[in-house]
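Coordinate inspection notes
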Amino acid sequence: MNSVASHKYLGRTQLSALLLAGTMLAPPLMAQEVAPPPVAAPTVPAPAPEAAPAATTVQSITVVGNQRLEAQTILSYLRLRVGQRYDRSILDQALKDLAATELFKDFQITDNNGALTIQVAENPVINRVILEGNKRLKEDKIRPEIKLAPRQIFTRSKVRADVARIIELYKRQGRFAATVEPKMVSLDQNRVDVVFEINEGPKSKVRQINILGNDKFSDGDLKDEMATKESSLLTILSSNTSYDPDRLAYDQQKLRLFYLANGYADFRVISAVAELTSNKQDFIITYVVEEGERYKFGAVDVKSELRDFQPEMLKTLLPMKTDDWYDAKLVEDTVESLSETAGLFGYAFADINPEFRRNAEDRTMAITFNVAESPRTYVERIDVNGNTLTHDKVVRREFRLNEGDAFNSFGIKRTENRLNSLGYFQENLEIERKEGSAPDRIILETNVEEKPTGELSLSAGFSSIENFLLQASIRQRNFRGLGQQLQASVNYSSYSKSIELGFTEPYLFDRNISVGGSVYRRDLNSFNFINNDRQTTFQQVTTGFQLNAGVPLTEFMSFFGRYSLNYDDVTLDRGIYFFGDQCDPLVAGRYLCDAIGKRTTSLVGYTLAYDDRDNRLRPTRGQSLSLSQDFAGLGGSVKYVRTRASGSKHFNLGSRFILNLSAEGGYIYPFGSAPTPTSDKVRLTDRFFLGEPQMRGFDIRGIGPRVVRYATVDLTNPANPILDTSSDAQIDDALGGRAYYQGRIELDIPLGTGAKELGLRPSIFLDVGSVFSVKRPTLTTLADFRETDPTAPGFGLTKFLCRNATTGVSQFASETTTTTNGVTTGTGQYTTCPAGFSQLPPFEERFFGDTWMPRVSIGAGVNWNSPFGPFRIDFAYALRKEEGDDTKRFSFNVGTQF
């Protein structure tokens, strides 16, 4: 008997030719298609020999063509054995067994009177798996989903399965038009490279949302409740315009909650269908809803089996009343409120079940809140998990409950707020409640995730003004994991140098007493610009230290005391501002001459603070108030009382909108006499200043009393001099004030989940404030003449100053006269200096800004917790300002964390 039983995959011969050429292995699968399962090898009947018996015996089995696989391994997959009786059906089953192994690209069985020869061609080995065209999904997202790998045996079924997995990944990204075209490139030694050519296609957007069956509410009202948004120019930056099956189910729930909150207790979503358009780039979603009738609250009652819960008292506290429109959200909030109230009495697992009684005839919903009996609960154990750096005691000392105490929901909430205010752990940390060893026992479990608590800010550069500059600061808010705060800062440039070291221990000897201190030296130059050239006005060198301590008075109120000792040395450039050994007020101005000198400030102060905010770092509700006073005069050469008060309140408006209202103000009351009769009793360096960053929209010290000197005068026509009042041709010196106030309204605007994960927190704001109350400086300049003699031509600039070169005495020039026909008359030009006097260059000083009238700015900003640290950027516009104020549109601050 000479016959051949053989089988080849469908199209195998043609596919082999394509594979050798490195062309397409299989047609590309579209995103909406499902990859078919591997094609089972059909039974191909072999031609029957002319005189073949019905069955014969296997005399021998020979395997040929195998390269990697042993013959015995191949035979182990078959049911054929030497000496076995066989017929055509057994040979067909052997072919099926070879196909099921997926190890061969071609195989056949030759029968020579019982001598069987199995000829195979092995599938190639995969050398590499290559991804091409993937830009939106990186390889680290796709590789884990691919089952093919180097050194595996290549099979079509595995390729098609991997194509389906890749397409599914793109579906999850909203790219339903994505296609994947698998290819293979033949190599020597029966190896191949598998290439997945990916065409990602555009992201499939939601083109339209249709709602059918809604009569009580418009499509727009309902769409506003949905997380999914229609694609438009207004939503171009939104991530919610792509189709997501999970979001579709969420939107159905949102619709139901919306209707239930408005009294439609029978509302239901009949169907929700998402249809992919023919170009596979857009979806059209259609909801069919049934609104039903609107219900009102019927009888509302409370039944309690807890002895501490008096039903009649609780009933008066319920927010809903009979004949009010039914609101399922209000019912849910009431259950939560009753649970919190039960927690105040020590019932951690209070069982509160609202019982609904619907009356379809009069469309009312009667509710009875049943408070089931439960044991009073005690704290059995407090567990703290997840802290690797922070010591357990740092977490435990913030707990308002101890082991063995009766459970109290207020204490738990307060503990969560205190832990969140530390800033050591993840946001919105919550304490889990677990049942203890007995029904009246509870375990409080705190699972924390530590985050960086160090902040590092470092900058270096070179400019024509500062020359080389270096600024560095470092702060660790959880030093050694003990909650201690350590900070250091260095600032160095040609015009400013400072160094400061500080340390705070929040719990001295594990008691609720905070102590701290800092030492510092600051060498700062105040400066201004004229004609783009920097002019140093005065230099202040401050050396000192401060000690502080604080104790809590109540849960929300604390008292802080402090003492500081400063030695200040304020000097002016003698070559510019001095004439002989005296400060020249004509050049420096009266206010600068009064500021120079050495003095010691011994300062004792206190702060009384109230703070019940839920989070001191990022509050969402609560308020803070503080009153502080500093008394200078316990020794030293400076005497005053400085008083400040501030307050803020945060409102949670819902939907993660947070409104912050804040206000502050202060006043300095001096003791003793002024340095000179014409100067203010409060020195320049002790006054209040206002501007960036407190008042956005204005420059640093850009608000309040100031002297502006104009020194660029065109005297081409002495009778009509022209004053250059541009910002580049003036010297602007802020004087500060004894009093100030400031207010702020700021609204935090929530973004989508993606932006929230990035740490972006935008806000809009309105700032208002002013600094004022300073003694008007004596302006011994031409401005005095203009003010006293408004009839003088040229705004008084035609009157020059003269100075005696020997004594330094200054006086106004005499009026130039003319004589006509023996009659002498004045010209109105004061340009004649007496003998021994020289004429000084003309200038004019003007005094601005000493008013309580508010300055107002409005703007928007964004906080970003970037990978490099906190970043804040603001754009602001001054709506109201006074003459002389310096405005600024753009500002930013940046740091880093570790």
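For the structure, see preceding data.
Here the structure is a predicted model, which is why all the values come from computation and not from measurement. (Residues numbered from 1 in each chain as written. Predicted model: local features only at pLDDT ≥ 70, side-chain atom pairs only at ≥ 80, totals over all residues. Heavy atoms only, no water.)

1. Concerning the overall build of the chain
- A tally of helices and strands in the chain yields 16 helices and 48 strands.
- Taking all 898 residues of the chain together, 41% fall into the buried category.
- When the accessible surface of the chain is totalled, it reaches about 46,400 Å², and 53% of it is carbon and sulfur. (Helix = DSSP H or I, 4+ residues; strand = E, 2+ residues; numbered from the N terminus. Buried < 20%, exposed > 50% of the residue type's maximum accessible area, 1.4 Å probe, protein only. Areas by Shrake-Rupley, 256 points an atom, 1.4 Å probe, with all protein chains shown as cover.)

2. Here we look at the pairing of strand β31 (residues 640-654)
- The pairing of strand β30 (residues 622-636) with β31 spans 11 bridges and is antiparallel. Along β31, the bridge assignment pairs Ser 628 with Arg 644.
- Across 14 bridges, β31 lies against strand β32 (residues 657-670) in antiparallel orientation. What sits directly across from Ser 648, in β32, is Ser 662.
- Between β31 and β32, which pair antiparallel one after the other, the connecting turn spans two residues, and Ser 655 there sits at a positive phi close to 55°. (Pairing = 2+ DSSP bridges.)

3. Examining the pairing of strand β16 (residues 364-371)
- Among the eight residues of β16, seven are classified as buried, and the element is accordingly described as predominantly covered.
- Alignment of strand β14 (residues 296-304) against β16, held across seven bridges, turns out to be parallel. Note on β16: the bridge partner recorded for Phe 297 is Met 365.
- For strand β15 (residues 352-359) and β16, the ladder comprises eight bridges, and the chain directions are antiparallel. Among the inter-strand pairings, Arg 357 is bridged to a residue of β16, identified as Ala 366.
- The hairpin formed by β15 and β16 contains four residues between the paired strands, and Arg 363 there has a positive phi angle of roughly 55°.

4. Some points on the sheet that holds strand β19 (residues 441-447)
- Pairing is mixed across the open sheet formed by three strands, whose spatial order is β17-β19-β18. Because the sheet does not close on itself, it has two edges, and the strands there are β17 (378-385) and β18 (431-435). Averaged over all pairs of adjacent strands, the angle between strand axes in this sheet comes to 25°, irrespective of strand direction.
- Relative to β19, β18 runs antiparallel, the two being bridged by five bridges. Its bridge partner being in β19, Lys 434 is matched across the sheet by Ile 443.
- Of the strands in this sheet, β18 and β19 are in contact with helix α11 (residues 409-422), which crosses β18 at around 140°. (Axes fitted to C-alpha atoms, helices over the stretch in contact; angles between N-to-C directions. Contact = heavy atoms within 4.5 Å.)

5. Some details on helix α3 (residues 88-101)
- Helix length check: α3 (14 residues) gives 21 Å between terminal C-alpha atoms against 20 Å at 1.5 Å per residue, within 8%.
- Those residues of α3 that fall on the buried side of the exposure criterion are Leu 91, Asp 92, Ala 94, Leu 95, Asp 97, Leu 98, Ala 99 and Thr 101.
- Downstream of α3 by one or two residues, Glu 102 has phi in the positive range, about 55°. (Expected span 1.5 Å × (residues − 1).)

6. Brief notes about the pattern of salt bridges
- Here the structure, examined in full by the defined rule, presents 38 salt bridges.
- The salt bridge partner of Arg 143 is Glu 139, with a shortest N-O separation of 3.2 Å.
- Look at Arg 143 and you get partly exposed, because its relative accessible area is 33%.
- Judged by its relative accessible area of 35%, Glu 139 is partly exposed.
- Three or more residues joined by partner-sharing salt bridges are found here, namely Glu 398, Arg 400, Arg 414, Arg 418 and Glu 555. (Salt bridge = Lys/Arg side-chain N within 4 Å of Asp/Glu carboxyl O.)

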